[in-house]
Structure formats: structure tokens, C-alpha cells
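# Reading the structure
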Amino acid sequence: MRQTIIGTLIVLMVFAATRAITAQAPASPRGTAAKADAKGGAPNRVREAEEKAVRQAADAFVKAYNAHDAKALAALFAPDGEIVDEAGDSRQGRSQIEAVFGAIFDEYPEATMSLEIGAVRLLTPALAEEDGVAAVVHEPGAAPERNRYTALYVKQDGKWMMASARDLPEEPATPTAKLKQLEWLIGDWVDESSESLIATSYRWTDNQCFILGEFKIQVTGREVMTGSQRIGWDPLAKVIRSWVFDSEGGFAEGVYAQDGDRWIVKMTGVTRDGEPASATNVLTSLGKDRMSWQSRDRMVGGQATPDTEAVIAVRSPPKPE
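Now for a description of the structure that goes with this document. (Residues numbered from 1 in each chain as written. Predicted model: local features only at pLDDT ≥ 70, side-chain atom pairs only at ≥ 80, totals over all residues. Heavy atoms only, no water.)

What follows deals with the nonpolar core. In a soluble, globular protein the nonpolar side chains are often hidden away together inside. In terms of nonpolar packing, the biggest core is built from 29 residues, with F61, Y65, L73, F77, F101, Y153 and M162 touching the most fellow members. At the level of elements, α2 (44-66), α3 (70-75), β1 (77-84), α4 (94-107), β3 (112-124), β4 (127-137), β5 (145-156) and β6 (159-167) are the ones that each hand at least two residues to this core. With six residues, the single largest contributor to this core is α2. Setting aside its immediate chain neighbours within four residues, Y153 contacts V54, A57, A58, A126, L127, A128, E130, W160, M161, M162 and A163. I217, V224, W293 and A313 belong to the second largest nonpolar core, which has 26 residues in total. (Core = buried A, V, L, I, M, F, W, Y, C linked by side-chain atoms within 4.5 Å. Buried < 20%, exposed > 50% of the residue type's maximum accessible area, 1.4 Å probe, protein only. Helix = DSSP H or I, 4+ residues; strand = E, 2+ residues; numbered from the N terminus. Contact = heavy atoms within 4.5 Å.)

Okay, here's the thing in C-alpha cells:
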């Protein structure tokens, strides 16, 4: 059933705030290690096989991390392997590495990790380098903590082992750079049915540090709500947030996390009557000018309301000049 509770903030969460994020998942660039060496290096098929083996070692690292198996993680390192954090503090040897991960799992018993491998380079027949971005979610529902990393592998007894895993300091990022993934959003969007019309318009601020949204909701041709939205980058929490205000006096805040080609939007707010409201909105890209969105786990004033069905929103065509 289509959402019809127009007089509460939860409508705002469903129809306006969830349109804030629906970027395509960034594609991870493939490494160049599989290319033939013009100076007579290893043939393509050898490099491809070794690159695949290194990637499998990285997959084993993620699997052991998500199983919270500190001993298995340490076993993936060479006997004198090391881990180095962003501050430059290092731990060397399997026993110290196991202790570090054991402490992490004690503090965060539900932590999970995923990797976006940027490149694998075969430096010598027995030495390889991998770089990418690691994303760690410390507890269910929390925003992922992302950091760049580089890892060196050595081949020992026919098996690729990690010699060094190093977290890299995060490169300074401007709000504009973080919000560029939403630049496609600029323009007008519409979601229309036989009973209602929701029109939303987005534009950059003059300095491109925020994206501003304006929306209006009509039911049977009558305007029942308007509102505004500001989308920005939170440099402390390192997440994209939105702040939404409706014409009835309600407001909400959203926190966004990417899950493949979906974006999970955690919304919390308050209605004009002072009732707390929350929802989890899920957006999926369906191409350049279409997307689907759905609102789940919705609560208003401590009372659960049904999930919405998936709704399609489309970009409005340009107005004739």
C-alpha cells in the first residue's frame, strides 16, 4: 500500500529524505599487474595467476576477520610480518598480530570488514603489492569506517603470505569532493501516482559545500506539505548526512551507508507533536534517471507502522524553453 500518512514526519522520511542518495557503487579499478611486461617480464598468464592468488589471500583475510578468528588472521602473515596503523605504531610477529586482532574482537564482538582492492602489482616473482580501501563496521547499523591501506606479500613455499599491512593516513577531503558522487542528483525529480504527487528539486550551494533540496507533496491536487533538505559531509564521523525540515514543524536527520548498489539511510527525527520518528530507507539505482526506494522498520511515537512497497522515482524531463 502506498504511503498515505501525510501528517507525520515519517512521510518526509519516505518521500523526500530518501532521495538524497542513490549513486552507483564505485567500480574498483583493476590492477595493471596482469599486463605484459614490454621488457620481457613474466608472461600474462603467469602474472594473472599470481594476481589471482594474492587476491585469494586478501579474501582469506576478510573471511578470517569476519569469523573473528585472530589466530587464522595471524597465520596469513609471514613469521616476521608486521601491521602498522595510521599513526605509525607497529606490531611484528604472528603472536603480536594475533593479540592485536584478539583485542579488537573483544571490544567489537560484531565487527565486520570488506575490502575494495584497488590494484595488485607483481614486483618480482616472489614479491607483490596490493592497495585499496578497507571498510569496517564496528557494530550492526553503524556507518562503516573506511581507510586506505597497502599490503606487501612474499611468496614462501609456494604460498603468498603478508609481510606488511599498513593503514595509510586519510587524504584530506573537501565536502565538495565527497558530495560529487551525488552531483547527478542536481535537477528535478517526480514520483506520481493516481492519488499523490511528490516533486523534489536539488541544487548546489554557491560554494558547493552542500546540496539543497526543496520538495512539495500534493494529494488529489491539494498541496499538503512542503519542506527543505540540506545534504552535507560530516568530517568528524566521516559520513554523508542530511537534515530535513517540513512545513508542519517536523524535522529529521539521516545517515547514509553504501551496500553494493544500494544505499541504507538511517533516519531519526521528531514530528510537530513531539513524537519521535525513525525509519530505515533503502535505495537502489535503476539507471541514470530512475531509482527505487523503500522505507522499512518505521516507528512513530513508539508505534510500528508497516513497511512501504518499493516506489519508482524518475527524473523530470527538461522544461521546454
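Turning to α4, a few remarks are in order. Along its 14 residues, α4 runs 20 Å from first to last C-alpha, staying within 8% of the 20 Å computed at 1.5 Å per residue. Along α4, the positions that sit buried rather than exposed are I97, F101 and F105. Take α4 and look down its axis: the buried residues cluster within an arc of 70 degrees, on one side only. Seen from the buried face of α4, the exposed residues on the opposite side, beyond 90 degrees, are S95, D106 and E107. (Expected span 1.5 Å × (residues − 1). Arc of directions from axis to C-beta.)

Turning next to a nonpolar patch on the surface. A cluster of nonpolar side chains, namely L286, I312 and V314, defines an oily patch on the protein surface of about 200 Å² accessible area. Topologically, L286 is positioned in the loop between β14 (276-285) and β15 (290-300). (Patch = residues over 30% accessible without salt bridge, like charges linked within 9 Å, V, L, I, M, F, W, Y side chains within 5 Å. Areas by Shrake-Rupley, 256 points an atom, 1.4 Å probe, with all protein chains shown as cover. Salt bridge = Lys/Arg side-chain N within 4 Å of Asp/Glu carboxyl O.)

Now for the environment of N66. Tracing the backbone through its elements, the reader meets N66 in helix α2. For N66 and T112, which are 46 residues apart along the polypeptide, the C-alpha to C-alpha distance reads 5.1 Å. Ignoring anything within four residues of it in the chain, the contact list for N66 reads A111, T112 and M113. From its side chain, N66 meets the backbone nitrogen of M113 in a polar contact 2.7 Å long. (Polar contact = N/O pair within 3.5 Å; in protein donor to acceptor, adjacent residues only side chain to side chain.)

The method is simple in principle: a probe with the dimensions of a water molecule rolls over the atoms, and the space it marks as empty is what remains. Size it by volume and the second largest pocket reaches roughly 820 Å³. Those elements giving two or more residues to the lining of the second largest pocket turn out to be α2, β1, β2 (90-92), α4, β3, β4, β5 and β6. Tallying contributions element by element places β5 first for the lining of the second largest pocket, with six residues. Along the lines of polarity and charge, the residues of the lining of the second largest pocket split into 19 nonpolar, four polar and nine charged. (1 Å grid on protein atoms, 1.4 Å probe; cavity = no way out; pocket = protein on both sides within 12 Å on 5 of 7 lines; lining within 4 Å. Points joined across faces, edges and corners; volume = space filled by probe spheres on them. Nonpolar A, V, L, I, M, F, W, Y, C, P; charged D, E, K, R; others polar.)

This paragraph deals with the packing of aromatic side chains. Going through the model one piece at a time under the given rule, you end up with four aromatic pairs. Taking the centre distance of 5.9 Å and the plane angle of 75 degrees together, the rings of F61 and F101 count as edge-to-face. A residue pair is termed long-range when its members are at least 10 positions apart, and F61 in helix α2 and F101 in helix α4 qualify at 40 residues. Using a relative accessible area of 8% as the deciding quantity, one classes F101 as buried. By way of ring pairs, the aromatic residues F61, Y65, F101 and F105 are connected into one cluster. Positioned above the aromatic ring of W233, the side-chain terminus of K178 is 4.8 Å from the ring centre. In this structure, R230 is placed above the aromatic ring of F210, and the distance from its NZ or CZ to the ring centre is 4.8 Å. (Phe/Tyr/Trp six-rings, centres within 6.5 Å; stacked < 30°, edge-to-face > 60°. Lys NZ or Arg CZ within 6 Å of the ring centre and 35° of its normal.)

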